[in-house]
Structures are given as C-alpha cells and as structure tokens.
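Overview (structure and organization)
Spelled out from the first residue to the last, the chains are:
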Amino acid sequence: MQSSGIAGDAGIWVLGTFGVYLLALLGIGLYSSQFMDSVGDYVIGGREIGPVVTGFSERASEMSGWLTLGVPADAYGTGIMAFLNGLGMIPADLFAWAGIAKRLRKYTELVQSVTLPTFFATRLGDDTGAVKGISAVVLMLFEGGYVGAQIVAAGTLLQILTGIEPWVGIVVGGVIVIGYTFLGGYFAVAWSDYFQGAIILGAFILLPVIAFTNMGLPFEEVASTAGSSMTSITAGTAGWAAVFGVISYAAIGLGVPGNPHIMVRFMGIDRVKNVRLAALVAQLFMFVAYVGAALVGLYAIAMFGDGALANPDNAMPRLTLDLLPGAVAGIVLAAALAAMMSSADSQLLVATSAVVEDVYHGFINEDATEQELVKYSRYVTFGLGAASVAFAYLAKSTPIYTLVLDYAWGGLGAAIGPTVIATLWWKRVTAKGSAASMVVGTSTMILWTQLPTVLEAVGMMPAESAAFWYGFVTVYGLFPAFILSATTLVVVSLLTTPPGDVDDHFDVFDKPLSAVISSSEGDGVPDYATDGGSAADTSPKVVTEGDNIRGHVAASGYWSDDE
C-alpha cells in the first residue's frame with residue numbers, strides 16, 4: 001500500500017493503529033450499551049462516572065483538533081505567544097471546577113435535571129418555555145456545528161497523513177462518532193474520552209522530551225531561524241496591538257462555562273466529594289498538554305525552518321514522523337484523531353439531549369417513558385450525526401480554527417455561559433434576563449466574527465495604523481459577546497421579577513445531600529420520586545428511586561459529602 005500523504009509508508013502504521021483504536025472504541029460502546037436503562041444513563045452516565053475518568057474526559061472533550069493540530073500550528077506561526085492559549089483556559093477551567101462543578105452537581109441531582117436547558121427552566125421557574133426553548137436551539141445550532149468541525153479536522157488529518165480524499169475521512173469519522181455514541185451514550189463517551197485523553201497526554205509529553213534530547217531547548221534556534229519576534233510573548237507587537245492580542249487569547253477561557261459538553265462532566269461525576277480529585281486531574285492534564293503542544297510547534301520551527309511548511313497544521317504530524325519510528329508515530333498520530341473524535345462524540349451527545357429531553361420530552365410528549373426517551377435519543381443521535389457529516393462535507397475547506405473558535409466554542413460561551421454562572425451564584429437572575437442574554441450573546445458572536453469583512457466591503461475598515469480601532473474590530477468575538485451577554489442578563493433581570501423559593505434553592509449548596517433527603521420526610525426516606533418540580537413549585541427535592549434506596553443505606557457513607 002503506497003500513500004501519497006506526508007506520512008509515506010508510515011501511513012500504513014497510522015491506519016493500522018487507528019483501526020485497533022476503533023475496535024477498542026467499539027468494545028467500549030457495546031459494553032456500555034448494557035447499562036442504558038434511562039435517559040439519565042444515556043446523557044450523563046447515571047451520575048456514576050468516577051473522578052479520574054471525569055477529569056480526563058472533561059479535558060479531552062474540549063481540546064479536540066484545536067489542541068492537537070491548532071496549537072502547534074499557532075506556535076509555528078506566532079512563536080512563544082502560543083503559550084498564551086493557556087492564559088485564559090487554565091484559570092477559567094480552574095474557576096469552573098472551583099465555582100461551578102460542585103454546585104451544579106448537587107443542584108441538578110436534586111431537581112432531576114440531566115441537561116442544562118431543563119436545569120435553567122427549573123431554577124428560573126420559567127413556565128413559558130422560553131428559556132428551555134432558546135437554550136435548546138442554541139445547543140442544537142452550535143453543538144451540531146461543533147461536531148461537523150471535528151469531523152472536518154479528522155478528515156483533513158487523514159488526508160495529510162495518508163493522501164486519501166477528504167470526503168472519505170469525513171465519512172469514516174462520522175461513522176465512528178455516531179456509532180459508539182449511538183451504542184453507549186455518556187458511558188461510552190466518558191470512558192472513550194479517558195482512553196483518548198491518556199493518549200493525548202502521552203503524546204505531548206513524549207514529543208517534546210525526544211526533541212529536547214536531540215537538540216536541547218528550541219528558543220535560541222527559533223530566534224535565529226525565524227527572528228526575535230518569535231521569542232517575544234507578544235509576537236513582536238507593542239501598544240494596542242499587543243493588548244488586543246493578549247485579550248484575544250485570554251478571552252478563549254470565557255467559553256468554558258458555556259460549553260455543555262464540559263458542564264455535563266460536572267453533572268455526571270459519581271460523588272460530590274470527588275470533584276476535588278477530578279479537578280486536580282483535569283488541571284494537570286491541561287497544563288502539560290498546552291505546554292507540550294506549544295513546544296511541538298516551536299520544535300517544528302527549529303527543525304524545519306520558518307515557513308518551510310506550506311500548511312502549519314502539518315507541524316505536529318511532521319515532527320512526529322521525523323522523530324519517531326513508524327509504529328510509534330502511528331500511535332501518536334492516532335492521538336490527534338482521538339482528540340477530534342472525543343470532542344465530536346461529546347458534542348453530539350449534548351445536541352441529542354437538547355432535542356430529546358428539552359424539546360421532545362419538554363414540549364411534545366411530557367409523559368414519554370424512559371425506554372421511549374432512550375430509543376429516541378439513539379434515533380436523534382443518528383439523525384444529527386448524519387446532518388453533521390453533511391455539514392462537514394460542505395465546510396471541508398473552512399479552517400478548523402474558524403469553525404471551532406468563532407462559531408462553536410465562542411457561540412456557546414457567549415450564549416450559555418452567563419446564565420450558568422448566574423443561576424448558581426445570583427439569586428436575582430430571572431428567566432427573561434436569561435433568555436435575552438442568550439439572544440444577545442448568540443447574535444453578537446456571529447455578527448462580530450463577520451464585522452471585519454462587512455467593514456472591508458463598505459470601505460470602513462480601520463487601517464492597521466489606527467491601532468486601537470483596528471485591534472478593537474479584530475479582537476476575538478467572544479470578548480465583546482460575553483460582556484454584552486452578561487450585561488444584558490444583569491440589566492433585564494434587575495428590571496423583572498425573580499422566581500420564588502430562591503433561598504431554599506441556595507440552601508442546598510451548603511448542605512450534604514443526606515441532610516436534604518432527611519429534611520424532606522420525617523423518617524428521611526420519601527416514598528416518591530419527583531419530576532423536578534413545576535412552575536408553581538421549583539424547590540429542590542429528592543428525585544429518583546435510587547435516591548430513596550440510598551436513604552436506607554446512608555450508613556455506607558455514600559452521602560457523607562459534607563464539603
């Protein structure tokens with residue numbers, strides 16, 4: 001088998017390794033499918049995913065092709081400024097674990113919410129359906145686009161490495177993602193993300209270490225090969241250009257609280273007390289992966305020269321193929337494909353839940369059984385997956401950076417993020433404020449991304465010499481979109497009436513779940529399971545038969561989560 005991709009004969013190893021990887025994922029999906037008894041199992045794994053798996057899964061689901069190909073390409077083009085990719089992401093993720101994870105895990109358990117739109121509607125006492133409807137549409141739009149973007153990235157990488165046609169890679173990637181998400185829901189997604197996360201982490205440790213043993217630190221060689229600007233933290237810029245450049249990198253972190261494929265990891269962890277360990281795993285993963293990915297790009301400059309690669313996305317594959325023997329290179333390059341798959345499967349699952357739980361169950365058939373919801377979840381997974389493959393084919397020439405950051409990651413961050421934070425921390429937030437925030441965030445993110453093109457077309461684009469205005473217009477759109485979305489949320493909420501019983505809701509955050517269960521009934525063992533409340537009564541309750549059973553076995557320590 002001869003390949004016309006840059007991998008040459010190593011392309012055989014890449015495809016062989018990836019084939020083994022696919023068989024492993026198929027096994028995960030088939031094994032997980034036996035646990036799918038309810039829609040909660042399908043969407044958040046029945047809240048039985050442990051801390052190490054959750055930590056790896058939370059990171060692997062977000063990093064995707066953007067980390068494995070994008071960050072090394074960014075480092076190849078901008079130098080050490082690429083280290084700033086972690087400037088916003090690392091503290092934002094730490095904030096999410098510290099300020100969101102434990103509260104969201106407890107609250108969604110108590111009000112029986114397995115998706116963010118359902119949680120928003122219950123928390124805000126929205127009896128109009130506006131919040132649930134708008135947020136479900138936002139999720140379907142941006143998560144569906146996210147899935148397509150990852151499939152495009154996978155197809156592109158397969159073309160680079162093996163020379164196959166892009167549409168073949170797109171179809172293969174789509175079949176993989178749909179297949180094991182269809183079979184196993186969140187169990188399959190979380191465990192496959194754990195598997196893939198371990199590969200990614202190993203790859204970004206291995207490559208810089210081998211490169212370092214061959215040539216030492218890359219910075220001096222980068223400066224002599226590509227110029228001193230490549231070893232400047234602002235890429236040689238100064239003034240407003242440098243300020244807005246740093247802001248653009250930092251603003252990427254604003255997308256963390258609004259991306260449900262990250263938040264669902266918090267909702268699915270097995271015990272509240274395990275959040276701390278999961279956070280530690282995720283932070284270590286993130287630090288090592290970001291540093292390693294940027295170093296890969298810098299070593300590519302040092303080894304191949306500035307501008308030697310026609311496509312900067314080739315930096316990571318080329319370095320891998322130059323430093324490692326074919327078999328090992330196949331394993332490492334499978335990690336890049338694994339990252340893309342891990343994001344796509346997570347995002348497909350979130351889009352599925354938006355349709356089935358929030359639209360079908362919330363508006364069309366409120367009396368649907370759990371078996372029906374699981375069945376329709378699989379149907380919708382197949383349908384949305386097929387639509388994402390079609391979108392990926394149409395968008396195969398669009399840069400992955402544009403597809404992910406501008407329309408998927410940024411759109412979700414601006415539309416959903418402020419509401420996630422406010423519902424967990426601000427008693428005064430209202431349903432109308434949340435709905436208005438989502439509309440403003442979505443529209444601003446889309447319009448701001450097109451602003452330079454529109455201004456250029458009408459002859460009003462500021463010149464680069466007008467540093468402030470040029471930087472303001474070209475700054476990453478999530479920065480202004482998040483600010484406008486959050487401002488809208490606050491202003492409209494202050495002008496409208498908040499839901500009742502908010503104090504009861506917030507009392508939950510300071511109690512272990514066992515105490516909440518005990519306060520519901522005299523004997524501490526309620527004989528009912530609730531549906532998450534109604535517009536008239538949205539106070540937290542014990543929610544599942546599983547909770548009732550656990551009330552009988554409290555001595556086991558399961559609910560001894562006092563922190």
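Cut-offs applied
Residues numbered from 1 in each chain as written. Predicted model: local features only at pLDDT ≥ 70, side-chain atom pairs only at ≥ 80, totals over all residues. Heavy atoms only, no water. Phe/Tyr/Trp six-rings, centres within 6.5 Å; stacked < 30°, edge-to-face > 60°. Buried < 20%, exposed > 50% of the residue type's maximum accessible area, 1.4 Å probe, protein only. Helix = DSSP H or I, 4+ residues; strand = E, 2+ residues; numbered from the N terminus. Lys NZ or Arg CZ within 6 Å of the ring centre and 35° of its normal. Core = buried A, V, L, I, M, F, W, Y, C linked by side-chain atoms within 4.5 Å. Contact = heavy atoms within 4.5 Å. Axes fitted to C-alpha atoms, helices over the stretch in contact; angles between N-to-C directions. Parallel < 35°, antiparallel > 145°, perpendicular 65-115°, else oblique. Nonpolar A, V, L, I, M, F, W, Y, C, P; charged D, E, K, R; others polar.

Quick look at the packing of aromatic side chains now. In this structure the tally under the stated criterion is eight aromatic pairs. Aromatic side chains phenylalanine 119 and phenylalanine 120 sit 6.0 Å apart centroid to centroid with 50 degrees between the ring planes, which places their arrangement in the tilted category. Residue phenylalanine 119 shares its accessibility class with phenylalanine 120, and that shared class is buried. Here the aromatic rings of tryptophan 240 and phenylalanine 468 are separated by 4.9 Å at their centres, their planes lie at 75 degrees, and the arrangement is edge-to-face. Of this pair, tryptophan 240 sits in helix α9 (residues 239-251) while phenylalanine 468 sits in helix α17 (residues 467-474); the two residues are 228 residues apart in sequence, bridging distant segments of the chain. Since its relative accessible area comes to 29%, phenylalanine 468 is described here as partly exposed. Taken together, the ring pairs connect Trp240, Phe244, Trp448, Phe468, Trp469 and Phe472 into an aromatic cluster. Between arginine 103 and the ring centre of tryptophan 425, over which it is positioned, the NZ or CZ distance is 3.6 Å. The residue whose ring lies beneath arginine 318 is phenylalanine 304, and the NZ or CZ to ring-centre distance is 4.4 Å.

Time to look at the nonpolar core. General note: in soluble globular proteins, nonpolar side chains tend to be found buried as a group. Counting residues in hydrophobic clusters, the biggest one holds 112 residues, and the most contacted among them are Met263, Phe266, Trp409 and Ile416. Examining the composition of this core, we find that 15 residues originate from one element, helix α11 (residues 275-304), more than from any other. If we ignore the near neighbours within four places in the chain, the residues touching isoleucine 416 are Leu116, Phe120, Ser135, Val138, Leu139, Gly258 and Met438. With six residues, the next largest nonpolar core counts Val356, Tyr360, Leu373 and Val380 among its residues.

What follows concerns the packing of helix α16 (residues 431-457) against α17. Contact geometry for α16 and α17: axes closest at 8 Å, N-to-C directions at 130 degrees. Relative to α17, the element α16 lies oblique. Across from Trp448, Leu451, Pro452 and Leu455 in α16, the residues of α17 making contact are Phe472, Val473 and Thr474. Tallied by class, residues from the contact of α16 with α17 come to six nonpolar, one polar and no charged.

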